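Fold and contact review
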Amino acid sequence: GKLKNVAFSGHEHASMKVGGRIHADMWSFPGDSAGVNMIENEDPTISPQDRVGFRRMRFGVKGKLMANMLYKIEMEFAGGNKSEFRDAYLGWNDVPFLQTVLLGNQKRPYGLDHLNSSRYNVFMERPFVIESFNQDARRWGLASYCVSQDEAWNWRYGVFNQRLIQDEGSYVSDHYQMEGAGRLANTWWYDETSGGRGYGHWAVSGTLADPDGSGIAGRAANEARFRHRPEARSSNRWIDTGQITGADDYQMVGLENVWNFGALQLVGEYQNMWVQRREANETHLHGGYAYLSYFLTGEHMPWDRSSGTLGRVKPLENFFLVDTCADGIRGGWGAWQLAYRYSYADFNDNDIAGGIGNSHTLGLNWYWSPYARMQFNAIYGEIDDRNVLEEADDPTSSLGVFSGHYTILGARFMVDF
Amino acid sequence: GKLKNVAFSGHEHASMKVGGRIHADMWSFPGDSAGVNMIENEDPTISPQDRVGFRRMRFGVKGKLMANMLYKIEMEFAGGNKSEFRDAYLGWNDVPFLQTVLLGNQKRPYGLDHLNSSRYNVFMERPFVIESFNQDARRWGLASYCVSQDEAWNWRYGVFNQRLIQDEGSYVSDHYQMEGAGRLANTWWYDETSGGRGYGHWAVSGTLADPDGSGIAGRAANEARFRHRPEARSSNRWIDTGQITGADDYQMVGLENVWNFGALQLVGEYQNMWVQRREANETHLHGGYAYLSYFLTGEHMPWDRSSGTLGRVKPLENFFLVDTCADGIRGGWGAWQLAYRYSYADFNDNDIAGGIGNSHTLGLNWYWSPYARMQFNAIYGEIDDRNVLEEADDPTSSLGVFSGHYTILGARFMVDF
Amino acid sequence: GKLKNVAFSGHEHASMKVGGRIHADMWSFPGDSAGVNMIENEDPTISPQDRVGFRRMRFGVKGKLMANMLYKIEMEFAGGNKSEFRDAYLGWNDVPFLQTVLLGNQKRPYGLDHLNSSRYNVFMERPFVIESFNQDARRWGLASYCVSQDEAWNWRYGVFNQRLIQDEGSYVSDHYQMEGAGRLANTWWYDETSGGRGYGHWAVSGTLADPDGSGIAGRAANEARFRHRPEARSSNRWIDTGQITGADDYQMVGLENVWNFGALQLVGEYQNMWVQRREANETHLHGGYAYLSYFLTGEHMPWDRSSGTLGRVKPLENFFLVDTCADGIRGGWGAWQLAYRYSYADFNDNDIAGGIGNSHTLGLNWYWSPYARMQFNAIYGEIDDRNVLEEADDPTSSLGVFSGHYTILGARFMVDF
């Protein structure tokens, strides 16, 4: 009776979940400076502009297919006209030695803060170095995802094309610009008794990448380019190496540490990258961050030992405020979390002047339920010695090297379903 | 057994509906004139071109979330490459005083004909003034939706950013261009005995808006611009004020009336707007419409008292024509509705020459079922004294002031699911 | 309990399936020539570039509606920013005489290889003439789909607008550029005893088309243009007539033959087109293909008698390789199919030099399950006497007439759900 308009998958051997998320943002820039204005707007008198709108608006489908296979397509519609795909792959479970194998668009395996879902990240935007060395995280590739039987160890590794194609669909070039990347993670301590309120994690990750520094006509642009916004939503990137001319190879190594003691969490990462160039010295880019978060209401950040990433926070009491006819207004407080992050990146070396970034972020998260929360961020930062190019792929179009400081406020509402 | 490929939402605390609609259109312009050709094509010898294709092709997801929350994402794919979102919000039910609260992209609360769903509108396209003062209706905002316990009164109000972002995703500017808007509606008569075949409704709605007349570099364009097509699908807008230079404020007040006597319905609205400008006189724009509709087959237009908008028509007999093996060809006639609308808008005041529009529309709706119908519209209209700009945001690029008349025919097939 | 987050359609009188497909591709061009480089890149020194990415990434909704109606929207997201719709229609079942009738975007009824789903096609890309005479297959139209009670005969016919609108949403022009098209198919032999391992099919199809050769200002571009890539994914079309100036009419007739003897299948099609032009001679374009396929593992290509198209292959043993705790590594081989295709098109006649194409394709298909497979194609071909235009709609912008040969390798992973 009531089930007559149930939705089904396309055929009887596919399971299906239709899920999504909505993130609605507000950002303002109460503090700016001439240097920051040049970097953002190429004009020292025009400050970074405030914004309201959608940060993420996703839905898509995923499920299992006959004979140990799986699939996922998740679309990002927050760009309006500019639809993009995110996770988009087919794969296999229970493969000998390789365990789960995915082919398609998926996150590259480095940078804990990128591997964490945006549904669970403690801060609104990711740190300088984590995003710069892994811009938008997902690439077309083939990767294996493994976990040991006791869940103490997990590892993932694969080969990826370096080009971001979630806006284009394909990569076209005779030079494939591949990389081999991996991450080995260990949950060395996990307090089962308290349901995981105490744990310790470390991981090492890295990539060996082969960008195309040849400049041969007809090929795709060189993928050796590292950049990020000010850990907030601006129109342009505030640290940005530009396309590094003649870059033929780069290597990156990253270290992660997480300690969790009940309501308190300490997290840190550091990443180093070396870029080899034709007719120029090797360039060294590096950076890191550390943060501390604390639940005023006593919850903890859950840990997913199978993937070595943050899990879904469950408030002890959901936030709500409803008018019940019988019992008057009833409510709950939800969960409240305070956090502070320091982030640093140095993208200046030799003739490369991508900028040196220092950023302090104060965060407040208000969890209404496991599936909804508000985030508030207040950011103070500085960008030093950043070369501003008029055209991104032309290093001779420099408008000069600029420095500046800034203050940014952000707020986000989010649900997932 | 048969349920093994059922689709589920992403997690166990979200309900989900996957719904959508398809509207397929045909439009032709049998009558034109030199003035109308200038307005549409900037060339007096090129008449408005006919068109076939999709007016709406939507699907999306909505549902409830743990602890009184709700969510909705509805995508519009009729533009092919140009995907857009429509309703896209998160929200709360049962909030004290505010009742339902929504945050995100939602209809601004003025103009009954815009608040009515396109699934239920009596005419194919909305009247001059209703669309002009509320272009595409939906904006990013925070609004409350309330109804009295006896359903006699309902009201909605909120704050909205004036920029249409369903194609862009975000609004970027230091001036937020906000408005505060609301609507108070009263169903003063509702004949419960006949199941709502008789009712009377009035409402008052309005907005206090703060567009950005400053012209400061780096900010978004001024949102004081009012325009519409000829109540049909043309390529350009036929009444159009252009961006009103120096507009810093505007206020709009609208009145609605609906009377329904069984198969007969009478509807009318009138809206007045006053725009305050820097270094220029206040501008007064206004317009209205009235229509009369009648079901030849005896049905009535249902009324939704909780929102003060039209409901879903249920034909007494569905239209169908099927070949049953046993009983030969069987069929039903569906519901047939005739309608006539007169619409008027005067967007000429002082130096503003957005045009004066007069339009007569004859409509025929053939309802096949509650979820499918055909619409036919025949339109005769005139546009007078419309200033044609070569570039929309440059009032000095005027090509002159033009007048013209036109005849338009339209047909639409629609289903929703 | 477990059903509380089931997804439903939008209302109780609509059924719904949410289905989709993912096709992930790799293409390389190990052999090229100066002529082919001119055709692809307008530069004899730049060879066609390799590519990886998504060929198809689709999901959408379909179902039945109250009173014999049906609907479908299927979106193609493989283009990233450039979303497109595919099947997008509303329709009716069980209509007297017309049986199933669809209105909207649907495949034009000619060319077996285009009517076959990309999920079932034996080769990765479609033959020269089939794609050229029916580019991307789907058009906005109204068509009837019929089958005789004994399933020996099926036929489909309708009227279509010639413009591809799945990227644009609408066609805008005073000349509708319509065509009337149809296909009559006969399964003259079908071995019921073996479950359809033996069958024979022929069909005749054709179109009478009225493109707009007038060149009148304000109208849409002339739709008399026939083109295709090298039966592989290149950036430009390698056979291409350009828009045929002054083309006012064209007629196409196609013949199909299929013989299936167990694991062996023989398929052939030939199509002839005559284009009438203002102030120029009639142009004759034509081409065909034949292929032979064979299952090494004994399966057969199923036949759908109701539509006269290929069905879904069911491997005798699915491919899998899993590590079971109890029984060690277990696996299955899947189904293996070899195929060879010869394809030919002659688009050179009078002053038209769209090119003469000859192509040989060796194919290997590895079916893992009914819903997943890999395809491998190796192609050797030649394009002769192809006029290369600098601007597609300007025949005077010719860069010269070029010939060349090429070798291409392709691989595809696909699932559907």
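We now turn to the structure provided with this report. Source: prediction; values computed, not measured. (Residues numbered from 1 in each chain as written. Chains lettered and ligands numbered in written order. Predicted model: local features only at pLDDT ≥ 70, side-chain atom pairs only at ≥ 80, totals over all residues. Heavy atoms only, no water.)

Some words on the overall build of chain A
Stated precisely, the cut-off is as follows: For the purposes of this entry, the term helix denotes a DSSP run of H or I that reaches at least four residues, the term strand denotes a run of E that reaches at least two, and both are numbered from the N terminus. Radius of gyration here uses only the C-alpha atoms, and the compact-globule reference equals 2.2 Å multiplied by the residue count raised to the power 0.38. Burial here depends on accessible area, computed with a 1.4 Å probe over protein chains only, as a share of the maximum for the residue type. Under 20% is buried, over 50% is exposed, and the range in between is partly exposed. Two residues form a contact once any of their heavy atoms are found within 4.5 Å. For this count, His and the chain ends are skipped, Lys and Arg are scored as positive, and Asp and Glu as negative. Positions of charges follow a simple convention, taking NZ of Lys, CZ of Arg, CG of Asp or CD of Glu.
Along the backbone of chain A there are three helices and 24 strands. Against the compact-globule benchmark of 22 Å for 417 residues, chain A has a radius of gyration of 22 Å, which places it among compact chains. Overall size of chain A, expressed as C-alpha extent along the three principal axes, is 70 × 50 × 45 Å. Split into buried and exposed, the 417 residues of chain A put 63% on the buried side. Partitioning the intrachain contacts of chain A with sequence separation of at least 6 by distance along the chain shows that 63% fall at a separation of at least 24. Computed over 39 positive and 51 negative side-chain charges, the inter-centroid distance for chain A is 9 Å.

Topic: the interface of chain A and chain B
Note the threshold: Joining two parts hides part of their accessible area as seen by a 1.4 Å probe, and the buried area is that hidden amount summed over both. When a carboxyl oxygen of Asp or Glu is within 4 Å of a side-chain nitrogen of Lys or Arg, the pair counts as a salt bridge. Here a polar contact means two N or O atoms within 3.5 Å. Within protein one must be a hydrogen donor candidate and the other an acceptor candidate, and residues neighboring in sequence count only if both atoms are side-chain atoms. The classification used treats Ala, Val, Leu, Ile, Met, Phe, Trp, Tyr, Cys and Pro as nonpolar, Asp, Glu, Lys and Arg as charged, and all other residues, Gly among them, as polar. Pairs of strands are assigned from DSSP output, requiring at least two bridges between the strands.
Tallying the contact residues gives 56 residues for chain A and 58 residues for chain B. Each partner contributes to the roughly 4,500 Å² buried at the junction of chain A and chain B, and carbon and sulfur atoms together form 67% of this total. In terms of surface lost to chain B, no three residues of chain A exceed Val52(A), Asn81(A) and Phe417(A), which account for 15% of the buried area on that side. For the interface between chain A and chain B, the tally reads zero salt bridges. The tally of links from chain A across to chain B stands at 18 residue pairs in polar contact (both at pLDDT 80 or more). Every element with two or more residues in the side of chain A that touches chain B is listed here: strand S1 (7-9), strand S2 (16-31), strand S3 (51-65), strand S19 (319-324), strand S22 (352-369) and strand S24 (398-416) of chain A. Counted by class, the side of chain A that touches chain B contains 32 nonpolar, 14 polar and ten charged residues. As defined by bridge partners, S3(A) adjoins strand S9 (residues 170-172) of chain B across three bridges and the pair is classed as antiparallel.

Here's the deal with the pairing of strand S2 (residues 16-31) of chain B
Residues and elements named next belong to chain B. Most of S2 sits out of view: 13 of its 16 residues are buried. Inspection of the sheet shows S2 paired to strand S3 (residues 51-65) by eleven bridges, in the antiparallel sense. Across the sheet, the residue bridging to Lys17 is Lys62, located in S3. As defined by bridge partners, S2 adjoins strand S24 (residues 398-416) across nine bridges and the pair is classed as antiparallel. Bridge assignment links His23 to a residue of S24, and that residue is Met414.

With respect to the relation of the copies chain A and chain C
Note the following rule: Least-squares fitting of one copy onto the other uses the C-alpha atoms of those residues that reach a pLDDT of at least 70 in both copies.
Mapping chain A onto chain C is achieved by rotating through 120° and translating by 0.0 Å along the same axis, at an RMSD of 0.0 Å. Given the turn and translation reported, the copies of this chain are related as if by a three-fold rotation axis. The C-alpha atom lying nearest the rotation axis in chain A is that of Ala7(A); the distance is 3.2 Å.

Re helix H1 (residues 34-41) of chain C
Residue and element names in this part refer to chain C. Summarising burial for H1: six of the eight residues are buried, a large majority. The complete set of buried residues in H1 reads Gly35, Val36, Asn37, Met38, Ile39 and Glu40. Where H1 is buried, its residues contact strand S23 (372-389) and strand S24 (398-416). Directly beyond the C-terminal end of H1, a positive phi value near 55° is found at Glu42.

Describing the packing of aromatic side chains
Filter applied, for reference: Each Phe, Tyr or Trp ring (for Trp, its six-membered ring) is paired with any other whose centre lies within 6.5 Å, and the angle between the two planes then decides the class: stacked below 30 degrees, edge-to-face above 60, tilted in between. Ring-over charges, as used throughout, are those where CZ of Arg or NZ of Lys falls within 6 Å of the ring centre and within 35 degrees of the ring normal.
All told, the structure shown has 76 aromatic pairs over all chains when counted by the stated rule. Seen from their ring centres, Phe85(A) and Phe54(C) are 5.2 Å apart, and the 80° between their planes marks the pair as edge-to-face. Residue Phe85(A) is located in strand S5 (residues 84-95), and its partner Phe54(C) is located in strand S3 (residues 51-65); the two belong to separate chains. When its relative accessible area of 5% is taken as the criterion, Phe54(C) is described as buried. Plain terms: the ring middles of Phe133(A) and Phe226(A) are 5.8 Å apart, the flat faces sit at 85° to each other, and that makes the pair edge-to-face. Of this pair, Phe133(A) sits in the loop between helix H3 (128-132) and strand S7 (138-147) while Phe226(A) sits in the loop between strand S11 (198-209) and strand S12 (227-228); the two residues are 93 residues apart in sequence, bridging distant segments of the chain. Like Phe226(A), Phe133(A) is buried. Among the aromatic side chains, those forming a connected cluster through ring pairs are Phe59(A), Phe77(A), Phe59(B), Phe77(B), Phe59(C) and Phe77(C). Stacked on the ring of Tyr190(A), the Lys or Arg Arg305(A) has its end atom at 3.6 Å from the ring centre.

Thoughts on the environment of Ala345(A)
Residue and element names in this part refer to chain A. As for its position among the elements, Ala345 is in strand S21 (residues 335-349). Residues Ala345 and Phe128, spaced 217 residues apart in sequence, show a C-alpha to C-alpha distance of 6.1 Å. Not counting residues within four places of it along the chain, the set of residues in contact with Ala345 comprises Phe128, Ile239, His286, Gly287, Gly355, Ile356 and Gly357.

Thoughts on the nonpolar core
What counts here: Residues grouped as a nonpolar core are buried Ala, Val, Leu, Ile, Met, Phe, Trp, Tyr and Cys residues, joined through side-chain atoms within 4.5 Å.
Core analysis: the largest hydrophobic core is formed by 111 residues, its most contacted members being Phe54(A), Phe54(B) and Phe54(C). If sequence neighbours within four positions are ignored, Phe54(A) has contacts with Ile22(A), His23(A), Ala24(A), Ala78(A), Phe85(B), Ala88(B), Gly104(B), Asn105(B), Trp140(B), Ile165(B), Gly169(B) and Ser170(B).

Concerning the interface of chain A and chain C
With 58 residues of chain A at the contact, the number on the chain C side is 56 residues. Summed over both partners, the interface of chain A with chain C comes to about 4,500 Å²; 67% of that surface belongs to carbon and sulfur atoms. Counting across the chain A and chain C interface gives zero salt bridges. Counting the contacts that link chain A with chain C gives 18 residue pairs in polar contact (both at pLDDT 80 or more). Looking at the side of chain A that touches chain C, the elements that each hand over two or more residues are S1, S3, strand S4 (69-76), S5, strand S6 (99-107) and strand S9 (170-172) of chain A.

A short note on the environment of Asn236(C)
All names here are of chain C. Within the secondary structure, Asn236 is located in the loop between strand S12 (227-228) and strand S13 (239-240). Assessed through its relative accessible area of 35%, Asn236 is described here as partly exposed. Considered as a pair, Asn236 and Gly331 are 95 residues apart in the sequence and their alpha carbons are 42 Å apart. In this structure, Asn236 is in contact with Ile39, Glu40 and Arg229, ignoring residues within four places of it in sequence. There is a polar contact of 2.6 Å between the side chain of Asn236 and the backbone oxygen of Glu40.

Spatial relationships are all this shows, so hold off on functional conclusions.
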